[in-house]
Amino acid sequence: MSNFTADTSQNGNVNTADDVYTMAEIAECEFSRLLDRPRPLNMERQRSYDERSFSELPNGFSPLYSSRNADNSSRIFDHLDYNVHSPGRRSGFNTPRSLLGFEAHPMVAEAWEALRRSLVYFRGQPVGTIAALDNSEEELNYDQVFVRDFVPSALAFLMNGEPEIVKNFILKTLRLQSWEKKIDRFQLGEGVMPASFKVLHDPVRNYETLIADFGESAIGRVAPVDSGFWWIILLRAYTKSTGDSSLAELPECQKGMHLILSLCLSEGFDTFPTLLCADGCSMIDRRMGVYGYPIEIQALFFMALRCALLLLKHDDEGKEFMERIVKRLHALSYHMRSYFWIDLKQLNDIYRYKTEEYSHTAVNKFNVIPDSLPEWIFDFMPTRGGYFIGNVSPARMDFRWFCLGNCIAILSSLATPEQSTAIMDLIESRWEELVGEMPLKVCYPAIESHEWRIVTGCDPKNTRWSYHNGGSWPVLLWLLTAACIKTGRPQIARRAIELAEARLLKDNWPEYYDGKLGRYVGKQARKSQTWSIAGYQVAKMMLEDPSHLGMVSLEEDKQMKPLMKRSNSWTF
């Protein structure tokens, strides 16, 4: 990996004292001008990509929610002092008040204060938020800006009419994507986005350096598959929120999307439209038996493809990607809705599966042995309700519930309206198991005993009902709230938010909680965890003003129907 280093003066300009520059430095200097170029928001609300006419989208993709009013999206950085580099810098922004006029919960002001302190600056401009401000223990990589962690922070700033932070982050991570990425002499694909980056400031020489992590420093050395998907989703959220399509139209942003799409749409030996992934390549970033086709990655993949379809330019290269995306979306939606979905009827069908079936007429297509069904699933499955299971692959179905994947399935319309309703029914029916006393279980149930030793490799952080093994994560509150609003069930989100408000601030915004009910602060949880803070803020603002939902939600495309119902290999 070739890290960039450049001397800067106090005003952010490059110091020419040495008259020596590398090509990387020159490229960085040129690219930095994009961050400084003033692009005032168009108060006339330019037509965003989301508002293209139905006929302009390939295969009849439906337009999304109309953009919300520009009143709350037009406030720019009027008071921010860009000459301070510390992530602990408090900005001059006012804490937002309730749009409905009533007094906000006291936690809201505290949350904004904490989020301001988490801002990270590069050459005088805010480029993201630090993962956590807890300095009580070894920092590890919690002092870095993570792509996935920044998403709820970005949404909070967008909802508060502060888009410049998000714009800076999008451009800076895009610049990092172009770096050479090598791990143990192996070069990663061009489209890989960093998991995180860090700003190093030398006060003596007065220069700043960005250090990116593409997995070479991560625990387990797993590259993030989800970073590129979150980046595309965030670019669409920015475009939707501001009504400004000029950022997405930049050649650099278009190229960044092309590289990500080339990587995830590449053809291989796989016979499934889902994306094959390693263990630990997403939010669940430690070994948890989610290798193969985890629901979280498939849902994010689906949503990112739909967002890219709305952001790509209609030039020759863009149209070529659009055609590939549409074909993949048709196959992916059919596969996920058919094979990953489970409810009481489907569970009963699997319970009665025959095995060793050959030919395209097979009902048990993945040769799942009924005896492999876990005992807990029979009691967990309600009469009304259903969900997308964790994984499907040959002879293996992971029946665990994963929160993020199911919420993203609702927001992206990977789930049909009927399936979305069923997911909400399940959450209500199994409230104690999935929500408990602190929202929200990252997965259910926990794995334990001999299975835990095999699956996790005896990982002491992932003991039962802790961390990624059935721990409760407050950041998931914003995803649940968005899914509740989209399905017309805001009372579920309101109930979950009230639970969080009883504990979160008092416990100093932990990263996660332990126990079956989420009653205990996680044994290794960092305090002042930024996405716990931002997740709460986004949930509150979205519940107060549901029009914010348009940033992270896509309407169902009624034209998306499966192109085929059996293998092409039998159509000679």
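Residues numbered from 1 in each chain as written. Predicted model: local features only at pLDDT ≥ 70, side-chain atom pairs only at ≥ 80, totals over all residues. Heavy atoms only, no water.

Going by what an unreviewed UniProt entry lists, the protein chain is known as Alkaline/neutral invertase and is assigned to Tripterygium wilfordii. Recorded in UniProt for the protein chain, the comment headed Function (unreviewed entry) runs: "Invertase that cleaves sucrose into glucose and fructose." (UniProt positions renumbered as here; feature names shortened; annotations may be inferred.)

S.K.: Lay out the sheet that holds strand β9 (residues 341-343) with the relevant residues and their values.
M.R.: Read from one edge of the open sheet, four strands run β9-β10-β11-β12, paired in antiparallel fashion. In this open sheet, the two edge strands, each paired with only one partner strand, are β9 and β12 (443-444). Sheet analysis places strand β11 (residues 396-402) next to β12, joined by two bridges and oriented antiparallel. Residue pairing across strands places W401 opposite Y444, the latter belonging to β12. Along the sheet, helix α13 (residues 417-429) makes contact with β9, β10 (386-393) and β11, crossing β10 at roughly 100 degrees. (Pairing = 2+ DSSP bridges. Helix = DSSP H or I, 4+ residues; strand = E, 2+ residues; numbered from the N terminus. Contact = heavy atoms within 4.5 Å. Axes fitted to C-alpha atoms, helices over the stretch in contact; angles between N-to-C directions.)

S.K.: A description of the packing of helix α16 (residues 477-486) against helix α18 (residues 530-544) should follow, citing residues and the corresponding values.
M.R.: Where α16 contacts α18, the axes come no closer than 7 Å and their chain directions differ by 20 degrees. Relative to α18, α16 is oriented roughly parallel. Here the hand of the crossing between α16 and α18 comes out left-handed. Here α16 contributes L477, W478, T481, A482 and I485 to the contact with α18, which in turn contributes G535, Y536, V538, A539, M542 and L543. (Parallel < 35°, antiparallel > 145°, perpendicular 65-115°, else oblique. Left-handed = near helix turned anticlockwise from the far one by under 90°.)

S.K.: Give me the lowdown on empty space enclosed by the protein, citing residues and values where you can.
M.R.: Counted under the stated rule, the structure contains five cavities of 30 Å³ or more. Forming the boundary of the largest cavity are R148, V151, P152, W230, M283, E296, L404, V475, L476, W478, L479 and W531. Of all the secondary structure elements, the ones that give two or more residues to the lining of the largest cavity are α3 (147-159) and α16. The residue inventory of the lining of the largest cavity, partitioned by class, reads ten nonpolar, no polar and two charged. (1 Å grid on protein atoms, 1.4 Å probe; cavity = no way out; pocket = protein on both sides within 12 Å on 5 of 7 lines; lining within 4 Å. Points joined across faces, edges and corners; volume = space filled by probe spheres on them. Nonpolar A, V, L, I, M, F, W, Y, C, P; charged D, E, K, R; others polar.)

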